[in-house]
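Breakdown of the fold
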Amino acid sequence: MGGRLCIPAISPTTMSASTDPTGPERVVAAIIRDGDGRVLVARRPEGKVGAGFWEFPGGKVDPGESQSEALRRELHEELDIAVGACTFLPHYRAATPPGIDLAFWRVDAYEGVARGREGQEIRWCPPDTLPDLPFLPADRPILARLRLPSFYLISDVDHLGEALFEERLAQAAARDALLLQLREPWPASRLRAYAQHLRALLAPYGGRCIVNGDPNELMGCADGIHLPASHLARIDARPAATLVGASCHDAGELRRAAAIGCDFAVLSPVKLTPSHPDAAPLGWARFRELAAEVLLPVYALGGMTIADRVSAETHLAQGVALRSGVFGKDADLPVP
Ligand SMILES: Nc1nc2c([nH]c(=O)n2[C@@H]2O[C@H](COP(=O)(O)OP(=O)(O)OP(=O)(O)O)[C@@H](O)[C@H]2O)c(=O)[nH]1
Ligand SMILES: [Mg+2]
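Residues numbered from 1 in each chain as written. Chains lettered and ligands numbered in written order. Predicted model: local features only at pLDDT ≥ 70, side-chain atom pairs only at ≥ 80, totals over all residues.

1. What about the overall build of the protein?
Which entries qualify depends on this criterion: Only DSSP runs of H or I reaching four residues or more are called helices, and only runs of E reaching two or more are called strands; each is numbered from the N terminus. This radius of gyration counts C-alpha atoms alone. The globule rule is 2.2 Å times how many residues there are, raised to the power 0.38. Exposed residues have 12 or fewer other C-beta atoms within 10 Å of their own C-beta, buried residues have 20 or more, and partly exposed residues fall in between, where C-beta atoms are placed from the backbone.
The helix and strand tally for the protein stands at 12 helices and 17 strands. Taken against the 2.2 N^0.38 rule, which gives 20 Å for 336 residues, the C-alpha radius of gyration of the protein at 21 Å falls within 12% of a compact globule. Taking the principal axes of the C-alpha coordinates as reference, the protein spans close to 60 × 40 × 35 Å. Residue burial in the protein is summarised as follows: out of 336 residues, 40% are buried.

2. Quick word on the environment of Ser150
The cut-off we apply is this: The contact criterion used here is simple: two residues whose C-beta atoms, placed from the backbone, lie within 7 Å are in contact.
Here Ser150 shows up in the loop between helix H3 (140-146) and strand E10 (151-154). Ser150 sits 33 residues away from Arg117 along the chain, and the two C-alpha atoms are 32 Å apart. Ignoring anything within four residues of it in the chain, the contact list for Ser150 reads Arg309 and Gly319.

3. Topic: the site of ligand 1
The criterion, for reference: For each residue, a C-beta atom is placed from the backbone, and the residue is labelled near a molecule or strand when this atom is within 6 Å of it.
For ligand 1, the set of nearby residues contains 19 residues, the closest of which are Glu55, Gly58, Gly59, Lys60 and Ala138. Looking at the shell around ligand 1, the elements that each hand over two or more residues are strand E1 (25-31), strand E4 (58-60) and strand E7 (100-107). For the shell around ligand 1, the element with the highest residue contribution is E4, accounting for 3 residues.

4. Some thoughts on the environment of Val83
Topologically, Val83 is positioned in strand E5 (residues 82-83). Since 22 C-beta atoms lie within 10 Å of it, Val83 is described here as buried. Spatially, the C-alpha atoms of Val83 and Ala280 are 44 Å apart, while their sequence positions differ by 197 residues. Beyond its immediate chain neighbours, meaning those up to four positions away, Val83 contacts Leu71, Arg72, Leu75, Val107 and Tyr110.

5. Some points on the sheet that holds strand E3 (residues 54-55)
Under the convention used in this document: Here, a strand pair is defined by DSSP locating no fewer than two bridges between the strands.
Taken together, 3 strands build an open sheet; the order of strands is E3-E2-E9 and the sheet is antiparallel. Each having just a single partner strand, E3 and strand E9 (122-125) make up the two edges of the open sheet. Here 4 bridges tie strand E2 (residues 39-43) to E9, and the two strands are oriented antiparallel to one another. Bridge pairing in E9 places Leu40 opposite Trp124.

6. Thoughts on helix H5 (residues 162-175)
Just so we agree on the cut-off: For a helix, the expected span equals 1.5 Å multiplied by the residue count minus one. Working definition: the arc comes from the directions between the helix axis and the C-beta atoms, pointing outward to the latter.
Relative to the 20 Å expected for 14 residues at 1.5 Å per residue, H5 spans 20 Å between its end C-alpha atoms, a close match to the ideal helical length. All of the buried residues along H5 are Leu169, Ala172 and Ala173. Summarising the axial view, the buried residues of H5 lie within an arc of 100°, below the 170-degree limit, and thus occupy one face. Residues of H5 that are buried make contact with E10, strand E11 (178-182), helix H6 (188-202) and helix H12 (324-327).

7. With respect to the UniProt feature "domain: Nudix hydrolase" (unreviewed entry) in the protein
What counts, and what does not: UniProt positions are given in the numbering used here, feature names are shortened, and annotations may be inferred rather than shown by experiment.
Within this numbering scheme, the UniProt entry marks residues 23-148 as carrying the feature "domain: Nudix hydrolase" (unreviewed entry). Taken end to end, residues 23-148 is 16% helix and 29% strand, and its first and last C-alpha atoms sit 33 Å apart.

8. Re the nonpolar core
Note the following rule: Take the buried Ala, Val, Leu, Ile, Met, Phe, Trp, Tyr and Cys residues, join any whose C-beta atoms are within 7 Å, and the set you get is a nonpolar core.
Formed by 59 residues in total, the largest nonpolar core has its most connected members in Ala265, Leu267, Val298, Tyr299, Ala300 and Ala321. Once you skip the residues sitting within four places of it in the chain, Leu267 turns out to touch Cys248, Leu254, Phe287, Leu290, Ala291, Val298, Ala300 and Leu301.

9. What about the environment of Gly302?
With respect to the helices and strands, the residue Gly302 is situated in the loop between strand E16 (298-301) and helix H11 (309-314). Looking at Gly302, the number of C-beta atoms within 10 Å reads 23, which means it is buried. Sequence-wise, Gly302 and Asn212 are 90 residues apart; in three dimensions their C-alpha atoms are separated by 17 Å.

As structure tokens, this is what we get:
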């Protein structure tokens, strides 16, 4: 993910906010985006634990308060905004030290103009730039999630033909930020050329294209690389691409993807799928158990439709990976 600034030292003991030995300190933090997809972040002011580090606005839940009540109160105190609708994000799990239970909520609507009411600096940042800021260490896995959309599309060019595929892709891209994986049984030269074409097609919509295959042959032609499980097993270091994903089927492969520093993984098959009729589906409960073992964003793949997005998030997925569910003849396009 490029060069990063050094993060000042902060010890787990100074991070702990818990004063109650019977349970962790409950903290809520907010993901607030503007119309351009920029995220609101704040710098912890002098005098607070972790002063100088960047964070998501929020704070401690008072006794007797619900999380959403605490979120509304904290954002009024810290940013002078009145929060309307907000949504719990179960899959936004931070690397919190013992003693803190940090829950993330998305703010869907608010009134007012955000300002740093406690003297803290605030900034609206494109998600790709967040990892360059010295963030509270617990928030690092959240920064990875913010760079990724809810829908990860897998190409179906050989089946649809280029014209129909591109028409459906453009329809989907116009509706939602997308990440596309170009996965076709083609020689590397054709993959490289078509990946560049798709990248140009998606760029005006803010979408990105990454290409499935051997990083040695495909590096640099797209926004990143998707490692097949067979490649993941063979390499020791993350390919030097902007985005690196990996195909995984079990806990061992997920741990490996996390260990080499992949930005995300795809875990399959969640449901029965016509493309792999002999593969035993994991089911949502097992998917959740496996996804919970890593802080890496994990997409659910296998028999997914666009409507599975909410189930996916509930079961700790970053979102859904789709092929026939978006490019198939019965697909429920467009992406909502
Ligand atoms: N608000 C917030 N707190 C976070 C984040 N990440 C993280 O580790 N924390 C930790 O959660 C704890 C509580 O947050 P806080 O200091 O904002 O609580 P607060 O607004 O109620 O502050 P106060 O106790 O000074 O009034 C701190 O130990 C903080 O370091 C984050 O992204 N946002
Ligand atoms: Mg706070």
